[in-house]
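# Tertiary structure, described
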Amino acid sequence: MRKKVVAGNWKMNKNLSEAIQLVSDLRNGLDSFEPNCDVIVCPPFTNLESVNTIIKDSKIHLGAQNFYFKDSGAFTGEISADMLLSVGVEYVIVGHSERRAIFKEDDSVINLKLKQAFTKGLKPILCVGETLEQREGGITKEVIKNQITAALKEIPAENIANMILAYEPIWAIGTGKTATPEQAEEVHKFIRDLISELYNSNVAENLTIQYGGSVKPANAESLLSQPDIDGALVGGACLQADSFIEIIKSA
Ligand code: 13P
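Quick summary incoming for the structure in this document. (Residues numbered from 1 in each chain as written. Predicted model: local features only at pLDDT ≥ 70, side-chain atom pairs only at ≥ 80, totals over all residues. Heavy atoms only, no water.)

Formed by 71 residues in total, the largest nonpolar core has its most connected members in L152, I191 and I195. Sequence-distant contacts of L152, defined by excluding residues within four places in its chain, comprise N111, L114, L126, I160, M163, I195 and Y199. One finds A7, I125, C127 and L233 within the second-largest nonpolar core, a separate group that totals 11 residues. (Core = buried A, V, L, I, M, F, W, Y, C linked by side-chain atoms within 4.5 Å. Buried < 20%, exposed > 50% of the residue type's maximum accessible area, 1.4 Å probe, protein only. Contact = heavy atoms within 4.5 Å.)

Structure below.
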């Protein structure tokens, strides 16, 4: 039985003191109940080490928002898997639409990052999603299929148990427009069937598929109650402990 996973992608928000405050509030809030899901926070690089100290021996897991696929060397401004592991990082977001669109990361880079994550023992959270234009053009499933097939090229079945997939329709990210539970479920089911085709039904059944895109306390329960929606990747609403905890409770 797959476990629900709620992750917070802080994006480029929170300086060090703000990060310490947020994660301390989160830890205190989570101490008062037993969440029915795994909880991950993905702060900016500069906060990882301090956040890791605060979440020690708690229910919160640590994720990073990005990394580079090379081991080390002359890659100014980049962060390696070993560097992340050395500060307690367990998960890493790969292929977020903001990385794809703003920083021009293509499918082949995403594939290399996934391979490096698996080699190093980091658990990737692979993001996929269509633009509004693609949805309106009726090619959502084709886009998702292409993204997933390219990202998972040459990646063996045994690695899939160590990753999370996140469906994040780009038109729903930071816009306040959420996919309806039915729209999201349709794509999640499609993704699970695709994983079953690419691997097998056992791999597909055990894969956690999160939804992301304007998840808020008010819509989390209806999304997370869908059969193929196994959690949420939360942006804006994870920047306050209260609203993130509400979403965790919905799971
Ligand atoms: P919002 O929740 O702010 O729409 O962001 C979603 C997201 O991109 C998470 O990775």
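The full set of residues close to the ligand is N9, K11, H96, E168, A172, I173, G174, G213, S214, L233, G235 and G236. Between the ligand and G174 there is a distance of 2.6 Å, counted from an oxygen atom to a backbone nitrogen or oxygen. The backbone of G235 places a nitrogen or oxygen atom 2.9 Å from an oxygen atom of the ligand. Here the ligand loses 96% of its free accessible area of 310 Å² to cover by the protein chains. Residues that form the shell around the ligand fall into these classes: 3 nonpolar, 7 polar and 2 charged. (Near = heavy atom within 4 Å. Polar contact = N/O pair within 3.5 Å; in protein donor to acceptor, adjacent residues only side chain to side chain. Areas by Shrake-Rupley, 256 points an atom, 1.4 Å probe, with all protein chains shown as cover. Nonpolar A, V, L, I, M, F, W, Y, C, P; charged D, E, K, R; others polar.)

The next subject is helix α12 (residues 241-250). Within α12, 7 of the 10 residues are buried, which leaves the element mostly enclosed by the surrounding structure. Regarding α12, the residues found buried are A241, S243, F244, I245, I247, I248 and S250. Buried-residue contacts for α12 involve β1 (4-9), α1 (16-30), β2 (37-42), α11 (217-224) and β8 (231-234). (Helix = DSSP H or I, 4+ residues; strand = E, 2+ residues; numbered from the N terminus.)

Bringing the sheet that holds β1 into the picture now. Across a sheet, strands are paired by hydrogen bonds formed along the backbone, either parallel or antiparallel in direction. On the basis of which strands lie adjacent, the closed barrel formed by 8 strands has the order β1-β2-β3-β4-β5-β6-β7-β8 and parallel pairing. Averaged over neighbouring strand pairs, the angle between their axes works out to 25° when direction is ignored. Sheet analysis places strand β5 (residues 123-128) next to strand β6 (residues 164-167), joined by 4 bridges and oriented parallel. Looking at the pairing, I125 lines up with I164 of β6. Sheet strands in contact with helix α7 (residues 140-151) are β5 and β6, and its direction is about 150° off that of β5. (Pairing = 2+ DSSP bridges. Axes fitted to C-alpha atoms, helices over the stretch in contact; angles between N-to-C directions.)

Here the focus is the pattern of salt bridges. In total, this model carries 18 salt bridges according to the counting rule given. Between E105 and K113 there is a salt bridge; the shortest N-O distance is 2.8 Å. On the basis of relative accessibility, which here comes to 3%, the residue K113 falls in the buried class. (Salt bridge = Lys/Arg side-chain N within 4 Å of Asp/Glu carboxyl O.)

Below, the discussion takes up the layout of surface pockets. When its volume is computed, the largest pocket comes out at roughly 470 Å³. K11, M12, Q65, R99 and F103 are the residues nearest the centre of the largest pocket, which is lined by 18 residues in total. It is helix α4 (residues 97-102) that provides the largest number of residues to the lining of the largest pocket, a total of 3 residues. (1 Å grid on protein atoms, 1.4 Å probe; cavity = no way out; pocket = protein on both sides within 12 Å on 5 of 7 lines; lining within 4 Å. Points joined across faces, edges and corners; volume = space filled by probe spheres on them.)

Here we come to α11. Buried within α11 are the following residues: N219, A220, L223 and L224. Burial along α11 is one-sided: seen end-on, the buried residues are contained in an arc of 125°. With respect to the buried face of α11, the exposed residues turned more than 90 degrees away are A218 and E221. Turning to α11, the residues buried within the fold contact β1, α9 (181-198), β7 (208-212), β8 and α12. (Arc of directions from axis to C-beta.)

With that settled, the discussion passes to the pairing of strand β3 (residues 60-64). Counting buried positions along β3 yields 4 of 5 residues, so the element is predominantly enclosed. Where β2 lies against β3, 3 bridges are found, and the strand directions are parallel. The residue of β3 that forms the bridge with V39 is I60. Between the parallel elements β2 and β3, the chain passes through helix α2 (residues 48-55) in a crossover that is right-handed. By the bridge criterion, 2 bridges tie β3 to strand β4 (residues 91-94) in an arrangement that is parallel. Across the sheet, residue A64 finds its bridge partner in β4, namely V92. Following the chain from β3 across helix α3 (residues 81-86) to the adjacent parallel β4, one finds a crossover that is right-handed. (Right-handed = clockwise from strand over helix to strand, strands pointing away.)

On to the packing of α7 against α9, then. One way to put it is that α7 packs onto α9 with a least axis distance of 11 Å and a crossing angle of 40°. What the angle tells us is that α7 and α9 run oblique. Note on packing geometry: the crossing formed by α7 with α9 is right-handed. For the pair α7 and α9, the contacting residues are T140, K141, I144, K145, I148 and T149 in the first and E186, V187, F190, I191, L194, I195, E197 and L198 in the second. Along the lines of polarity and charge, the residues of the contact of α7 with α9 split into 8 nonpolar, 2 polar and 4 charged. (Parallel < 35°, antiparallel > 145°, perpendicular 65-115°, else oblique. Left-handed = near helix turned anticlockwise from the far one by under 90°.)

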